[in-house]
Structure formats: structure tokens, C-alpha cells
Amino acid sequence: MKVQVWDGFIRGFHWLLLVTFAGLWYTGGNIDFIDQHELLGLFMLALLLTRIMWGFVGSESARFSTFVKGPVSVWRYLRDKSATTPLTHNPIGAWSVIALLTLLLAQALTGLFTDDAIFYQGPLASWVDNDVNRLLTRYHKQIIDGILILVAIHIVAIFVYRIRGTALTWTMVSGKRQTSEPLAQPKLVHGAWGYGLLAVNCLWIYLWLG
């Protein structure tokens, strides 16, 4: 049977995040694309803030309270993976999502305060002194390594699941999950609300920081 687990916004968010991250990786450190890098960074910030909000007011399957579990549940899953059939993310995958969102948010926020003293100054760089500027600029350059590691793990997990017969990529396209076990249909919120929230976040971020 097939169960609709992902709403339209979550699916769009996933692919927008991928494209935006690729654009940021390509333009990062290239003076010729510094303006595009900043605009993409602001859009990334809007995306992440919207996803965090959606994690509290969006569809049941997108809410952090649904898929993020405590250490006891993680331990039980590690001991006996057949004991649970998660609706969306398994306990390990859920925490990897939280880790990735956290690092991406840290990357976006530190970018606001970066100052290389030559070519670029972030929109909020003047809010802090030079020592903090240098510290946050260094963090902005270093956080990407952790992000790339998590992205690599994510890609490996996709291939592993594909070998085992689960097409995670297609699930994020269609929003439907094929399962042999009965799963309750989660309550979904129309994706248009998520995109509306994203538009509002883009508007105030670009007006304030753009």
C-alpha cells in the first residue's frame, strides 16, 4: 500500500535546499560571484527558518515532535531495528536531519557577520567588533566541512536504502511511501501555506538584509 507522508512544501523545500546549497558551494570563495553568494545565502536563511516553523505548525509528518525521538528510542532502534516502523525518518535519520539543519543555519547566520576586510562585508558585520568578525568569518569557512560530511552520509544512506528496495528519492518527489505494513495516514497541511510562509520570510529578510 502507498501512504502520502510528505506534503508539497516539504518536497519543494528538499529540492530548493539542494539547489541553493549547490549554488552556495559553487559561488563560495569566488569574488566574481560574491553578490550572488549573498543573495543565495539570504534565501537559504529564509528556507531554513520556514522549515523550522513548519516543524511546529506544518503537517504531522513534518513536525519535529513526530519524528525526533529521545535517547531511549534511539537506543531501542539500534538494538532492534525491526521493532519499529517509523512513518518518515528512523531515530538515527531524524537526528541527522536536525544536525544538518543546525549546521546549515549556523552557516547562514555566520555569513551575515563575515568580513574579509578586503572584498566583502556581511550585512550585520558592523554589529560586532573586529575580533568577533574574524571568529565568525573563520567559523563560516569551517562549518562547510561538517555540512559536506553530513551530505555525503545522506547520499550513502539513499543508495543503501535503494539497494534494499526503498526509493527514498522518488518518495521525496511523489510524497508517497510504499509500505507492506499498515500505517496511519498522517494529517497533512496544504503545501501552499508553507510556500506562503516562505514568501513572507523572504520578504522581510531581503528588506532588512538585502
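Notes on the structure follow. A quick note: this is a predicted structure, and the numbers were derived from the prediction, not measured. In this numbering scheme, every chain counts its residues from 1 along its sequence in written order. Note on the predicted model: pLDDT of at least 70 is required for a residue's local features to be given, and 80 or more for side-chain atom pairs to be given and counted; whole-chain, interface and lining totals, by contrast, use all residues. Excluding hydrogens and water, the side-chain figures rest on all heavy atoms present in the structure.

Helical segments are the DSSP runs of H or I of at least four residues, strand segments are the runs of E of at least two, and each set is numbered from the N terminus. Assigned secondary structure in the chain consists of eight helices and two strands. Secondary structure elements in the chain, listed N-terminal to C-terminal, are β-α-α-α-α-α-α-α-β-α. A principal-axis box enclosing the C-alpha atoms of the chain has dimensions of 60 × 35 × 30 Å. Buried positions account for 38% of the 210 residues belonging to the chain. By definition, residues are in contact when any of their heavy atoms lie within 4.5 Å. Pairs at least 24 apart in sequence give 73% of the contacts found in the chain among residues at least 6 apart. Think of it in three bands: with a 1.4 Å probe and only protein chains considered, a residue is buried below 20% of the maximum accessible area for its type, exposed above 50%, and partly exposed in between.

Moving on: the environment of L78. For L78, the position within the fold is in helix α4 (residues 71-79). Residue classification places L78 among the partly exposed positions, given a relative accessible area of 47%. Separated by 50 residues in sequence, L78 and V128 place their C-alpha atoms 44 Å apart.

The next thing to look at is helix α8 (residues 191-209). One less than the number of residues in a helix, times 1.5 Å, gives the span that helix is expected to have. For α8, with 19 residues, the first-to-last C-alpha span of 27 Å sits near the 27 Å given by 1.5 Å per residue. All buried positions along α8 are accounted for by G191, G194, L198, N201, C202, I205 and L209. An end-on view of α8 places all buried positions within 105° of arc, on one side of the element. Exposed residues pointing more than 90 degrees away from the buried face of α8 are listed as W193, V200, L203 and L207. On the buried face of α8, the contacting elements are α1 (8-27), α2 (34-57) and α5 (91-112). By definition, the arc is the one covered by directions from the helix axis to the C-beta atoms.

Between Lys or Arg on one side and Asp or Glu on the other, a salt bridge is scored when a side-chain nitrogen of the former is within 4 Å of a carboxyl oxygen of the latter. According to the stated counting rule, one finds one salt bridge in the structure shown. As a salt-bridge pair, R134 and D131 come within 2.3 Å of each other at their nearest N and O atoms. You can see R134 and its partner D131 sitting in helix α6 (residues 130-163), three residues apart, about one turn around the helix. When sorted by exposure, R134 lands in the same class as D131, which is exposed.

Another aspect to go through is the side chain of T27. Note on placement: T27 falls in helix α1. With relative accessibility at 5%, the residue T27 sits in the buried group. Side-chain polar atoms of T27 contact the side chain of H37, separated by 2.8 Å. The contact partners of T27, leaving out residues within four places of it in the chain, are F33, H37 and L40. Definition of a polar contact: a pair of N or O atoms within 3.5 Å, with one able to donate and the other able to accept a hydrogen when the atoms are protein atoms, and with sequence-neighbouring residues admitted only if both atoms are side-chain atoms.

Turning next to the packing of aromatic side chains. Any Phe, Tyr or Trp ring, taking Trp's six-membered ring, that has another such ring centre within 6.5 Å forms a pair; planes under 30 degrees apart are called stacked, those over 60 apart edge-to-face, and the others tilted. Under the criterion given, the structure shown has eight aromatic pairs. Ring centres 6.1 Å apart and planes at 35° place the aromatic pair F9 and F13 in the tilted group. Placement of both F9 and F13 in helix α1 is noted, with a separation of four residues, approximately one turn of the helix. Side by side, F9 and F13 carry an identical accessibility label, which is buried. Both rings, one in W127 and one in W208, keep their centres 5.9 Å apart while their planes meet at 55°; by these two values the pair is tilted. Remark: W208 occurs in helix α8 and W127 occurs in the loop between α5 and α6; sequence separation between them is 81 residues.

Take the packing of α1 against α6 next. For the pair α1 and α6, interaxial distance at closest approach is 13 Å and the crossing angle is 135°. Regarding the angle of α1 to α6, the classification is oblique. Every pair of crossing elements has a handedness; the one defined by α1 and α6 is left-handed. Side by side, α1 and α6 meet where H14, F21 and W25 of the first sit next to I144, I147, L148, V151 and H154 of the second. For this scheme, ten residues count as nonpolar: Ala, Val, Leu, Ile, Met, Phe, Trp, Tyr, Cys and Pro. Four count as charged, namely Asp, Glu, Lys and Arg, and the remainder, Gly too, count as polar. For the contact of α1 with α6, the per-class residue count stands at six nonpolar, two polar and no charged. For helices, the axis comes from a line fit to the C-alpha atoms of the stretch in contact; other axes are also lines fit to C-alpha atoms, and the angle between any two N-to-C directions lies between 0 and 180 degrees. Comment on the angle field: the value is read as roughly parallel under 35 degrees, roughly antiparallel over 145, roughly perpendicular from 65 to 115, and oblique elsewhere. Less than a right angle of anticlockwise turn of the near helix away from the far helix marks a crossing as left-handed, whereas a clockwise turn marks it as right-handed.

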